[in-house]
Amino acid sequence: MRNFTIEAGAFRLDGEEFRVLSGALHYFRVHPGQWRHRLAMLRAMGLNTVETYVPWNLHEPRPGVFDRVAELGAFLDAAAEQDLLAIVRPGPYICAEWDNGGLPAWITGRIRTSDPEYLAHVDRYLDRIIPEVAGRQVTRGGNVIMVQVENEYGSYGTDRAYLRHLADGLAARGVEVPLFTSDGPSDLFLTGGTLPGVLATVNFGSDPEKAFATLRAHRPGDPLFCMELWGGWFDHWGQQHVVRDAEDAADVLERVLAAGASVNLYMAHGGSNPGTWAGANLTGEMASGEWRPIVTSYDYDAPIDERGAATDKYWRYREVLSRYAKDLPDVPPPPATLLPATFAPTASVRLRDALEAIALPEVTAPVPPSFEELGLNHGLVLYRMDVPGPREPYPLAVPDLRDRAHLFVDGEFVAVLERDQPAPEVRVPGPATVELLVESMGRPNYGPLMGERKGLLGGVLHQHQYLHGGTATPIPLGDVSAVPFRAEVIGEARSFFRGELDVAEPADAFLALPGWGKGYVWVNGVLLGRYWDKGPQRTLYVPAPLLRAGQNEIVLLELDRPGTVLEIREEADLG
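Residues numbered from 1 in each chain as written. Predicted model: local features only at pLDDT ≥ 70, side-chain atom pairs only at ≥ 80, totals over all residues. Heavy atoms only, no water.

Novice: Looking at this model, I keep getting lost on the pairing of strand β29 (residues 526–532). Mind explaining?
Specialist: Along a regular strand, successive side chains alternate from one face of the sheet to the other. The buried count for β29 comes to six of seven residues, which makes it a mostly enclosed element. Of the strand pairs in this sheet, strand β28 (residues 518–523) and β29 are connected by six bridges, and their pairing is antiparallel. Across the sheet, residue V521 finds its bridge partner in β29, namely G529. (Buried < 20%, exposed > 50% of the residue type's maximum accessible area, 1.4 Å probe, protein only. Helix = DSSP H or I, 4+ residues; strand = E, 2+ residues; numbered from the N terminus. Pairing = 2+ DSSP bridges.)

Right under this line is the structure:
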């Protein structure tokens, strides 16, 4: 068995002084069939450790119902096979630009506090997750060297009893390796998010000298550790694609290492936000302003790009790291890609005509129920209500829409309504039937307004009068195998389309949807993610393990504007 300890202000592995050279790679953002390649890329860059978050909401989709938990252990084992140590950050909150910061949408109680109701959920989660970690610690023959207590808690609150409950709970569940916290390098964050006796680390993207001086002032006896060195950034729909100069990023890494610090590159490899797991942010210092959902790609302008290829930043990092690491392995070749191709849908069906096959039972309620009340994490809900009459054509308003809706009056499409966007004036006479097909996007992953609900949270107003009574039909998007396609291609929005992609041998690909508007893509039954013509992302990464030799089924749900063809491209277009 091995030991990883903190002694005299330094890390020691089996008694020898040790510098942690880590890179972030989230197992839940990379297809398991590609873990080995991505981990080998980390090792060849000069890293000796991999770091991963653990998303609670992925593993406990409903209270007490756990899913895919074994993936965490399998990933840690795969890292060990590549001679990589591991840092695990199990939450319960992770941020990570992940929906709701990793907290389940069903969570109750006052989140991220010592509230007993919330802690009861946290304890159940840790009871299930931590055995995957504890049994793989270096002290037990595995590769886990550190475990995080909570994530950037100083950016949120000051409930020391909460942090102590988490730290004591990790120890009680068998965690023997050093615990740590990670926060921004300021007195505000470091006094709110740390615990006595628990290693404090800092997160930043520039000015390491100032950051470490602040950390030293608060923790003179702790080894220096940048737990998140931000070498890139993430993208929001409708905003510019973010990139960072490779020379600048490498210079900051060099200065971090010159200070004698350990480091975790965030991200070393970003991967993708699969399905509907992408989060969102709210602008402003208090994270309470304009809502900005995050794109499907989590490329992050990382040194290893979304499909696992080395970028210019990779080679600059490798050059820096080679001065601190020995015997770097050869860099694995990049994965193969499909040749460019164009294909068209061959079948389709209106969403309305597919509801009987794919929707959950209709619910009648006096006020529009939220997605969460309907048991829906993400997807669509068709709300229907009546306007009494006869009456004048008064204005219709939908306050507090979460997040986007297609409005119909007496079955006719009228307008698209979007959260935080000016709404077109719509006047509706009575009697009439009003329908709203509401789509959810990411929940905020950071700030005081996490835990938001989705749907028609402010109801529907006709003039100043609420429309009460009506129905809600939940439409989950996980499984489209029952969609009743017809052998015709209709040119209507709010329809499913199916095409076939012929592949001689599976390889990575980038799917482009020129002329299409907004919607979702499934590849052989797996929900790949969202697309949206407002950009910046213009292609969706298709991992080779999702494809098979021969025919592959590509399904789209187009909400705004159907196109006519789909394209396979060799390179990503992220804006």
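Novice: What is the right way to read the pairing of strand β9 (residues 199–204) from this model?
Specialist: The buried fraction of β9 is high, at six of six residues. Residue alternation in β9 divides its side chains into two sets, L199, T201 and N203 and A200, V202 and F204, and both sets are buried. With four bridges joining them, strand β8 (residues 179–183) and β9 adopt parallel strand pairing. The residue bridging D183 from the neighbouring strand is V202, located in β9. In this region the chain leaves β8, passes through helix α6 (residues 187–192) and returns to the parallel neighbour β9; the handedness of that crossover is right-handed. One ladder, built from three bridges, connects β9 with strand β10 (residues 225–230); its direction is parallel. From the neighbouring strand, F204 faces β10, where its bridge partner is L229. (Right-handed = clockwise from strand over helix to strand, strands pointing away.)

Novice: Quick question: what am I supposed to make of the environment of G470 here?
Specialist: Position of G470 relative to the elements: it lies in the loop between β24 (465–466) and β25 (471–475). Classification of G470 by relative accessible area gives partly exposed; the value is 22%. A C-alpha to C-alpha distance of 9.9 Å links G470 and P369, two positions 101 residues apart in sequence. Not counting residues up to four positions away in its chain, the partners in contact with G470 are V363, T364, A365, R384 and M385. (Contact = heavy atoms within 4.5 Å.)

Novice: Would you mind going over the sheet that holds β28 with me for this structure?
Specialist: Think of a sheet as strands paired side by side through backbone hydrogen bonds, with each pair either parallel or antiparallel. Read from one edge of the open sheet, five strands run β15-β26-β31-β28-β29, paired in antiparallel fashion. What marks the edges here is a single partner per strand, and that holds for β15 (345–350) and β29. Taking each pair of neighbouring strands and ignoring which way they run, the sheet shows an average axis angle of 25 degrees. Pairing analysis gives five bridges linking β15 to strand β26 (residues 495–503), with the strands arranged antiparallel. Each residue of the ladder has a partner; that of S348, found in β26, is F497. Packing against the sheet, helix α10 (residues 351–358) makes contact with β15 and β26, and its axis sits at approximately 80 degrees to β15. (Axes fitted to C-alpha atoms, helices over the stretch in contact; angles between N-to-C directions.)

Novice: How should I be thinking about the side chain of Q537 in this particular structure?
Specialist: Topologically, Q537 is positioned in the loop between β29 and β30 (539–542). Reaching out from Q537, the side chain makes a polar contact with the backbone oxygen of T539 at a distance of 2.8 Å. Setting aside anything within four residues of it in sequence, one finds Q537 in contact with W237, V295, T296, S297, W532, D573 and L574. (Polar contact = N/O pair within 3.5 Å; in protein donor to acceptor, adjacent residues only side chain to side chain.)

Novice: Looking at this structure, how should I read the environment of N273?
Specialist: Mapping N273 onto the fold places it in the loop between β11 (262–269) and β12 (280–282). What makes N273 buried here is its relative accessible area of 0%. Along the chain, N273 and G389 lie 116 residues apart, while their C-alpha atoms are 46 Å from each other. In contact with N273, other than residues within four places in its own chain, are R29, E97, W98, A278, I294, V295, T296, S297, Y298 and L528. A polar side-chain atom of N273 sits 2.7 Å from a polar atom in the side chain of R29.

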